[in-house]
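What follows is the residue order along each chain.
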Amino acid sequence: MGDLTPTRDRPGLHISKPSPNDPAQGSAVCHCGASATATGDAQVRLLVQGWEANHGSAHTKG
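As the structure is a prediction and not an experimental result, all values here were calculated from the model. (Residues numbered from 1 in each chain as written. Predicted model: local features only at pLDDT ≥ 70, side-chain atom pairs only at ≥ 80, totals over all residues. Heavy atoms only, no water.)

Caption draft 1: A look at the pattern of salt bridges. All chains considered together, the criterion is met by one salt bridge. K17 serves as the salt-bridge partner of D41, at 3.0 Å between the closest nitrogen and oxygen. On the criterion of sequence distance, the pair formed by D41 in helix α1 (residues 41–54) and K17 in the loop between β1 (12–16) and β2 (25–29) is long-range, its members being 24 residues apart. (Salt bridge = Lys/Arg side-chain N within 4 Å of Asp/Glu carboxyl O. Helix = DSSP H or I, 4+ residues; strand = E, 2+ residues; numbered from the N terminus.)

Caption draft 2: Highlighting the pairing of strand β3 (residues 35–39). Here β2 pairs with β3 via five bridges, running antiparallel. Counterpart to S27 in the pairing with β3 is T37. In this antiparallel pair of consecutive strands, β2 and β3, the connection spans five residues, and G33 shows a positive phi of 110°. (Pairing = 2+ DSSP bridges.)

Caption draft 3: Structural view of the nonpolar core. In this structure, A24, A28, C30, A38, V44, L47 and W51 together form the largest nonpolar core, which totals seven residues. Top contributing element to this core by residue count: α1, with three residues. (Core = buried A, V, L, I, M, F, W, Y, C linked by side-chain atoms within 4.5 Å. Buried < 20%, exposed > 50% of the residue type's maximum accessible area, 1.4 Å probe, protein only.)

Caption draft 4: Highlighting the environment of H31. Take H31: it is sitting in the loop between β2 and β3. The exposed category is assigned to H31, whose relative accessible area is 58%. Once residues within four sequence positions are removed from consideration, H31 is found in contact with P11, G56 and H59. (Contact = heavy atoms within 4.5 Å.)

Caption draft 5: Here's a closer look at the sheet that holds β1. Pairing within the open sheet is antiparallel, and its three strands lie in the order β1-β2-β3. Taken across any chain shown, the strands that pair with only one partner, and hence form the sheet edges, are β1 and β3. Taking each pair of neighbouring strands and ignoring which way they run, the sheet shows an average axis angle of 5°. Note: β1 against β2, five bridges, orientation antiparallel. Bridge pairing in β2 places S16 opposite Q25. (Axes fitted to C-alpha atoms, helices over the stretch in contact; angles between N-to-C directions.)

What follows is the structure, given as structure tokens:
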């Protein structure tokens, strides 16, 4: 499998949690230029919520 980490050329959100005992890790890059990373289940959950509210498909809403 190729590298799924988002970049400026391939914006998006990527989350990984290799096993139940490992902390989740996430990264996001938006086409508007914003980017963020998070480590730990709670922080990754906040990253996803922020992405959904402010980036990605949120840019196309009303």
